[in-house]
Amino acid sequence: MGTRRKLTNITAVVIHCADTPNGRANTVEDINRWHGERQPPFTRDMSIAPKHQPGLTHIGYHFVIEVDGAIRPGRPLQESGAHASGYNANSIGICLIGRDKFSAEQWHALHELVANLITQIPTCTKVFGHRDLNPGKTCPGFSVADWIHNDYIPDFNHMLDTEVNHG
Ligand SMILES: [Zn+2]
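1. Things to note about the nonpolar core
Here is step 1: In this structure, Val13, Ile15, Ile92, Ile94, Leu110 and Phe142 are the most contacted members of the largest nonpolar core, which totals 25 residues.
Here is step 2: Of all the elements in the fold, those that place two or more residues in this core are β1 (12-17), β2 (63-65), β4 (91-96), α2 (104-120) and α4 (144-149).
Here is step 3: If one sorts the elements of this core by residue count, α2 sits on top with 6 residues.
Here is step 4: If sequence neighbours within four positions are ignored, Ile94 has contacts with Val13, Val14, Ile15, His16, Phe63, Ile65, Leu110, Leu113, Val114 and Leu117.
Here is step 5: Counting residues in hydrophobic clusters, the runner-up holds 11 residues, among them Val28, Val67, Ile97 and Leu160.

Below, the structure is given as structure tokens:
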């Protein structure tokens, strides 16, 4: 169950991947369903922001970035997430659909979203990949530190090759 928090308690963004086959068009609704099927299930506290994505009652992330680059909201920012053990109270969880290759649209959307969050929430100054916080994880499948160091230019080793589908 998520708990209410002040935005000033947020200090970091944590980037995840869905660990789904690269390029497969899963959605925020799929993630919501999977989080509801966990034992125990993830559950939002719908009293915090009942009008915020009311159909997504389980999702643990605050945002999901789909393969076409759509940024789909999950939990409201004033609710703690369920995505990074030990860090949920103070972070925002973003999940990229895919495993370790993401579309140009996803890379662009990720940059835009992270930049907006850091601007919007002055206390939120750090950006991590899940694996930076938990050495047992490979998620999100690329080095967030390198991406930031390279001025948010996508790592071409982790770019989905969409050209093959165009013949
Ligand atoms: Zn993760």
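This is not the end of the story, as more comes after the structure.
2. So, the pattern of salt bridges
Here is step 1: Across all of its chains, the model carries 7 salt bridges by this definition.
Here is step 2: Across the salt bridge formed by Arg33 and Asp30, the nearest N and O atoms sit 3.2 Å from each other. Taken together, the positions of Arg33 and Asp30, both in helix α1 (residues 28-37) and 3 residues apart, correspond to about one turn of that helix.
Here is step 3: Taking the relative accessible area as the measure of exposure, Arg33 reaches 43% and is therefore partly exposed.

3. Some details on α1
Here is step 1: Within α1, the full set of buried residues consists of Val28, Asp30, Ile31, Asn32 and His35.
Here is step 2: In this fold, the buried residues of α1 make contact with β2, β3 (71-73) and β4.

4. Describing unusual backbone geometry
Here is step 1: Residue Pro40 follows Gln39 across a cis peptide bond; omega there is -5°.
Here is step 2: Examined against the element boundaries, Pro40 turns out to sit in the loop between α1 and β2.
Here is step 3: In the segment running from Cys139 into Pro140, the intervening peptide bond is cis, with an omega of 10°.
Here is step 4: Along the chain, the position of Pro140 falls in the loop between α3 (130-133) and α4.
Here is step 5: One non-glycine residue, Gln53, lies in positive phi territory at about 45°.

5. Quick notes on the pairing of β4
Here is step 1: The element β4 is largely enclosed, with a buried count of 6 among its 6 residues.
Here is step 2: Burial along β4 is two-sided: Ser91, Gly93 and Cys95 and Ile92, Ile94 and Leu96, pointing in opposite directions, are all buried.
Here is step 3: Across 6 bridges, the pairing between β1 and β4 is parallel. Residue Ala12 lies in a different strand from β4, and its bridge partner there is Ser91.
Here is step 4: In terms of strand pairing, β2 meets β4 through 3 bridges, oriented parallel. The residue of β4 that forms the bridge with Ile65 is Leu96.

Reading the values: rules and limits
- Residues numbered from 1 in each chain as written.
- Predicted model: local features only at pLDDT ≥ 70, side-chain atom pairs only at ≥ 80, totals over all residues.
- Heavy atoms only, no water.
- Core = buried A, V, L, I, M, F, W, Y, C linked by side-chain atoms within 4.5 Å.
- Buried < 20%, exposed > 50% of the residue type's maximum accessible area, 1.4 Å probe, protein only.
- Helix = DSSP H or I, 4+ residues; strand = E, 2+ residues; numbered from the N terminus.
- Contact = heavy atoms within 4.5 Å.
- Salt bridge = Lys/Arg side-chain N within 4 Å of Asp/Glu carboxyl O.
- Pairing = 2+ DSSP bridges.

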